[in-house]
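Okay, here's what each chain looks like letter by letter:
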Amino acid sequence: LIRNVREVIGDRALYVQHHNDLGVATANAMAAVEAGADMIDVTVLGIGDRGGCVALEEIAPLLAMYGYDSTIELSRLYELSLLAKEAFRVPLAPWKPIAGANWNKEEGIGHLDGAQDDLATCGIAPGVVGRAFEGVIGGKLLFGRERSSITVDDYSFLRGLLKEWGAAPSDEAFADIVDRAKATVATTPGRYIRVTEFKALCEGVLGPL
């Protein structure tokens, strides 16, 4: 549609506005830019009527990834998102891109380092938008929801962490650690604990590591 409009209007400025009623506003905005739109309508956090609008903090990094220079300072997007959250007094889904509390967190084998290359867990390095990657432990690792990271009676990932810390707990001590971790995760907002918190929990059973 945008390509056809561009052909009709020639060099005149082309402005496009999308709503997110079907959850595709960001994708549609990107398609519009690729088809020749000069301007797209955005709001911080996608705040708008009905399903909201194109979220600035989502489309700005996407434009940069595709080679478009939007002149937006990406490193301050998270800070801006928090400001809008407080100003409009709106809750955020924990998993909302860029601004969500869990967006920069991941659990599982190979994710603790938060790779910055094309194999990174997150679509973009969190540092680009003013955040830091956090390796965490949660339901995938503790309750068997990720087969690549855990088997019911193995917990190889957690055992690997303990080995890195120079610990070789008995089966009884390890079971105590797992039970404590499960109880902590089940009662913690976000349903995860940081690896540093898991280490502290282990030290509560085994002593200093």
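The structure contained in this document is the topic of the report that follows.

### Some points on the overall build of the chain
Within the chain, the regular secondary structure consists of 8 helices and 7 strands. Burial status across the chain gives 39% buried among its 209 residues. Within the chain, counting contacts between residues at least 6 apart in sequence, those at least 24 apart form 60% of the total.

### A closer look at the pairing of strand E6 (residues 134–138)
Across the 5 residues that make up E6, a large majority, 4, are buried. Sheet topology places strand E5 (residues 105–106) next to E6; 2 bridges connect them, and they run parallel. Within E6, the residue paired with lysine 105 across the bridge is glutamate 134. The pairing of E6 with strand E7 (residues 192–194) spans 3 bridges and is antiparallel. What sits directly across from valine 136, in E7, is arginine 194.

### Brief notes about the packing of helix H7 (residues 171–186) against helix H8 (residues 195–206)
Across the interface, H7 lies against H8 with an axial gap of 10 Å and an inter-helix angle of 140°. Compared by their axis directions, H7 and H8 come out oblique. Regarding H7 and H8, the two cross each other, and that crossing is right-handed. On H8, the residues touching Ala173, Asp176, Ile177, Arg180, Ala181 and Thr184 of H7 are Phe198, Leu201, Cys202, Gly204, Val205 and Leu206.

### A word on the packing of aromatic side chains
Scanning the model with the defined rule gives 1 aromatic pair in all. When the centroid spacing of 6.0 Å and the interplanar angle of 45° are considered together, the rings of tryptophan 165 and phenylalanine 198 count as tilted. Here phenylalanine 198 lies in helix H8 and tryptophan 165 lies in the loop between helix H6 (156–164) and H7, a separation of 33 residues in the sequence. With respect to class, tryptophan 165 is no different from phenylalanine 198; both count as buried. Stacked on the ring of tyrosine 78, the Lys or Arg arginine 131 has its end atom at 3.9 Å from the ring centre. Sitting above the plane of the phenylalanine 174 ring, arginine 159 keeps its charged end 3.9 Å from the centroid.

Thresholds applied
- Residues numbered from 1 in each chain as written.
- Predicted model: local features only at pLDDT ≥ 70, side-chain atom pairs only at ≥ 80, totals over all residues.
- Heavy atoms only, no water.
- Helix = DSSP H or I, 4+ residues; strand = E, 2+ residues; numbered from the N terminus.
- Buried < 20%, exposed > 50% of the residue type's maximum accessible area, 1.4 Å probe, protein only.
- Contact = heavy atoms within 4.5 Å.
- Pairing = 2+ DSSP bridges.
- Axes fitted to C-alpha atoms, helices over the stretch in contact; angles between N-to-C directions.
- Parallel < 35°, antiparallel > 145°, perpendicular 65-115°, else oblique.
- Left-handed = near helix turned anticlockwise from the far one by under 90°.
- Phe/Tyr/Trp six-rings, centres within 6.5 Å; stacked < 30°, edge-to-face > 60°.
- Lys NZ or Arg CZ within 6 Å of the ring centre and 35° of its normal.

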